[in-house]
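These are the residues of each chain, in order.
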Amino acid sequence: MSLRVLHTAAPASLASAGDLVPVEGDGDGGRETLRGLYAPPAETWLRLNLIAAVSGDAAGEDGTSDTLSNAVDRAVLAVVRDLADGVVVGAASVRAEGYRVPKTSRLVVVTSSGDLSGHRMDPAEAERVVVVCPAGATDAVAASLGPAVAEAATVLVVDDVDGRLDPSTVLRRLRDHRLLSLVCEGGPSLAGQFLRDGLVDELCLSTSPVAIGSGLPVFGRERFDPARLSLSQLLKDDHDALYARWLVADGPATRR
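Within each chain, residue numbers correspond to sequence positions counted from 1 in written order. Totals for whole chains, interfaces and linings use every residue, but because this is a predicted model, local features are given only for residues with pLDDT of at least 70 and side-chain atom pairs only at 80 or more, for both listing and counting. In computing side-chain properties, one takes all heavy atoms of the structure into account and sets aside hydrogens as well as water.

A. Local environment of the side chain of Arg47. Segments assigned H or I by DSSP are reported as helices when at least four residues long, segments assigned E as strands when at least two residues long, and all are numbered from the N terminus. Along the polypeptide, Arg47 turns up in strand S3 (residues 45–53). A distance of 3.1 Å separates a polar atom in the side chain of Arg47 from a polar atom in the side chain of Glu202. Should any heavy atoms of two residues lie within 4.5 Å, those residues are counted as being in contact. Residue contacts for Arg47: discarding those within four places in its chain leaves Tyr38, Ala39, Pro40, Val80, Leu182, Val183, Cys184, Glu202, Cys204 and Arg245. The term polar contact refers here to a pair of N or O atoms within 3.5 Å; inside protein, the definition further demands a hydrogen-donor-capable atom paired with an acceptor-capable atom, and it admits residues adjacent in sequence only when both atoms are side-chain atoms.

Put into structure tokens, the structure is as follows:
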């Protein structure tokens, strides 16, 4: 498996346009190159890491993102996760895709209802689970996590407004907890809310070479003003899937 560099703003010592980057095996030198290509440029950073079909759909034929992904995409995903302090997901994604705890970073679940049924979190790794929810959802969180996971997990309580969590409040609470470099993997609604509220520094978008009418847009049904992007990197795998890094031109990094 390999990735061809089509465009990158990274230092030439890492890779240049036209280079092939191998992505096989944890011990392969290509993995370190990939880490360099995806390293966040600042300690405090919020990136979205999403996958979509060419048609803009966030789900494949099985109703999840699994059938849009491949081995190279999963290798990129592993590197992006490894570079983050926390992997942020919405409760709907936990329920639909049965999330596990990442190997190194913390799993941050954002939920208004507290319903995390269907998760596949290992109690042995639950100390790296962080749940952000309103006070009224804490009992539901404990019940749906199960006693073993709930006992080890960290629950951060934030205020809600009419049952909805404010994305900027969630982000501020996580940063207060020293979770500075974050990657949000969705679902579409949560990713759209972060982008809508001007909280995103970067969008990492994998494009699967398929068109499908799944009915699930990559940013859900959220409506927001245009976010201007600039392409900082573009890679292509052996199966014509594309991997882009888009910087948000007026994102938080430009306002710090």
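Still more ground to cover, so stick around.
B. A look at the layout of surface pockets. Cavity and pocket criteria rest on a 1 Å grid covering protein atoms alone: a 1.4 Å probe that fits but cannot get out defines a cavity, protein on both sides within 12 Å along at least 5 of 7 lines defines an open pocket, and an atom within 4 Å of a point defines a lining residue. Grid points are joined across faces, edges and corners, and a volume is the space filled by probe spheres set on the points. Roughly 150 Å³ of internal volume is contained in the second largest pocket. Forming the walls of the second largest pocket are Thr8, Ala9, Ala10, Pro11, Gly36, Leu37, Ala39, Pro41, Ser232, Gln233, Arg245 and Leu247. Every element with two or more residues in the lining of the second largest pocket is listed here: helix H1 (29–38), strand S12 (229–237) and strand S13 (242–248).

C. Seen up close, unusual backbone geometry. A cis amide bond links Gly186 with the next residue in sequence, Gly187, at an omega value of 5°. Note on placement: Gly187 falls in the loop between strand S10 (181–184) and helix H7 (188–196). Positive phi is not limited to glycine here, since Asp162 has a value of about 55°. For Asp162, a relative accessible area of 79% translates into the label exposed. Residues other than glycine seldom take positive phi values, yet Arg178 does so here, at roughly 70°. Along the polypeptide, Arg178 turns up in the loop between helix H6 (167–176) and S10. Residue Arg178 is classed as exposed on the basis of its relative accessible area of 57%. Relative accessible area decides the class of each residue, using a 1.4 Å probe on protein chains only: under 20% of the type maximum gives buried, over 50% gives exposed, and in between gives partly exposed.

D. Expanded view of the state of the cysteines. The definition used for a disulfide is geometric: two cysteine sulfur atoms within 2.5 Å. On inspection of all chains with the given rule, the structure shows zero disulfides. In this model Cys204 remains outside any disulfide bridge; the closest cysteine sulfur is found in Cys184, 12 Å from its own.

E. Highlighting the nonpolar core. One finds Leu3, Leu34, Tyr38, Val109, Met121, Leu145 and Tyr243 to be the most contacted residues of the largest nonpolar core, which totals 40 residues. Of all the secondary structure elements, the ones that give two or more residues to this core are strand S1 (2–8), H1, helix H2 (71–82), strand S4 (86–90), helix H3 (91–97), strand S5 (106–110), strand S6 (129–133) and helix H4 (138–145). The element that contributes the greatest number of residues to this core is H2, accounting for five residues. Dropping the residues within four chain positions of it, Leu145 is found in contact with Leu116, His119, Met121, Val131, Ala150 and Ala153. Definition used in this section: a nonpolar core is a set of buried Ala, Val, Leu, Ile, Met, Phe, Trp, Tyr and Cys residues joined via side-chain atoms within 4.5 Å.

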